[in-house]
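Structural description and commentary
Listed below are the residues making up each chain.
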Amino acid sequence: MPRRRIGFWYRLAAVICKPPLVVLIKRDWRGMENIPAEGGFITAVNHNSHVDPFAYAHYQYNTGRVPRFLAKSGLFRKGFVGAAMRGTGQIPVYRESTDALSAFRAAIDAVERGECVAFYPEGTLTRDPDGWPMTAKTGAARVALQTRCPVIPVAQWGCNELLPPYAKKPSLLPRKTHQVLAGPPVDLARFYGKEMTAELLKEATEVIMAAVTRQLEEIRGEKAPETPYDPRRERIEQRRRTQSQQTQPRPTRTRTQGPQAEGQST
């Protein structure tokens, strides 16, 4: 299937966003040969800065296969922002849907039209203290198994040094380097043709995130923790610690004794 033309709105976004990105960050981009030249596919990308969607979009824009990001459906109804979201072909996610597959119907349709759909599987900025990918949601795996499209694992690093997760002010100097490494497609063949149970989707998601993490290990030159950070597990542990502290018996306060109690006579 032929690739979709970039279009006016995406070119306008590039004109607005590329100059500041070029000024603020240097680029070390690798793996573009793994981005399919034709047909629909998914990229699974780690997320460690509010800046990295723009920097990653710049990377992929330069491959000629512009990414279509997933965003809340409400953003598509708001004035200029809504017009830009629709014009650049971003993908609405209908979170209010009770059917998990219907929530990603637009993403499935986009892949089947030959688009690139970019997923941030973690769903939010990583909360791992050292910036490694954390446990992910199953949306990317669901779309991949439904369409059987290639899934390209992409790791990025450097925007988090410009603007760390949850930081309010950027660190502009010295100039940071945005590193990107796209890997070969993830092999999900063993999951095809099976019922998409929660357990199967979880396993497929773990395979995808392991591939993303391997790309990031190569960029950083170090090994990731064996067990990804799990914010849900961390919340449970935090509640347990809080409850344990609350249920511990308070130390008995010893009443101050007067001279008579100390064996002294008056």
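Going by the structure above, here's the rest.
Keep in mind that what you see is a predicted model, and the values were worked out from it rather than measured.

Here 7 strands make up an open sheet; going across it, the order is β1-β7-β6-β2-β5-β3-β4 and the pairing mixed. Each end of this open sheet is capped by a strand with a single partner; those strands are β1 (25-30) and β4 (91-93). Averaged over all neighbouring strand pairs, the angle between strand axes comes to 25 degrees, with direction disregarded. Note that strand β2 (residues 41-45) and strand β6 (residues 151-157) share 4 bridges and pair parallel. Among the inter-strand pairings, Val45 is bridged to a residue of β6, identified as Val154.

With the rule as written, the count across this model stands at 8 salt bridges. Linking Glu217 and Lys223 is a salt bridge whose minimum nitrogen-to-oxygen distance equals 3.6 Å. For Glu217, a relative accessible area of 15% gives the class buried. Among the ionic pairs, Glu222 bridges to Arg220, the shortest N-O distance being 3.4 Å.

Moving on to the environment of Val207. In this structure, Val207 sits in helix α8 (residues 198-220). We classify Val207 as buried; its relative accessible area is 19%. A C-alpha to C-alpha distance of 7.7 Å links Val207 and Val186, two positions 21 residues apart in sequence. Ignoring anything within four residues of it in the chain, the contact list for Val207 reads Val186, Asp187, Leu188, Arg190 and Phe191.

Membership of the largest hydrophobic core comes to 28 residues, with the highest contact counts inside it found for Ile42, Phe119, Val143, Val151 and Leu188. Counting residues per element, the ones that place at least two in this core are β2, β4, α5 (105-112), β5 (116-119), α6 (139-147) and α8. For this core, the leading source of residues is α8, giving 7 residues. For Phe119, the contacting residues outside a window of four places in its chain are Ile42, Thr43, Ala44, Val45, Leu70, Phe104, Ala107, Gly139, Ala140 and Val143. Grouped together as the second largest cluster of nonpolar side chains are 20 residues, Tyr10, Trp29, Tyr59 and Ala118 included.

Conventions adopted
Residues numbered from 1 in each chain as written. Predicted model: local features only at pLDDT ≥ 70, side-chain atom pairs only at ≥ 80, totals over all residues. Heavy atoms only, no water. Pairing = 2+ DSSP bridges. Helix = DSSP H or I, 4+ residues; strand = E, 2+ residues; numbered from the N terminus. Axes fitted to C-alpha atoms, helices over the stretch in contact; angles between N-to-C directions. Salt bridge = Lys/Arg side-chain N within 4 Å of Asp/Glu carboxyl O. Buried < 20%, exposed > 50% of the residue type's maximum accessible area, 1.4 Å probe, protein only. Contact = heavy atoms within 4.5 Å. Core = buried A, V, L, I, M, F, W, Y, C linked by side-chain atoms within 4.5 Å.

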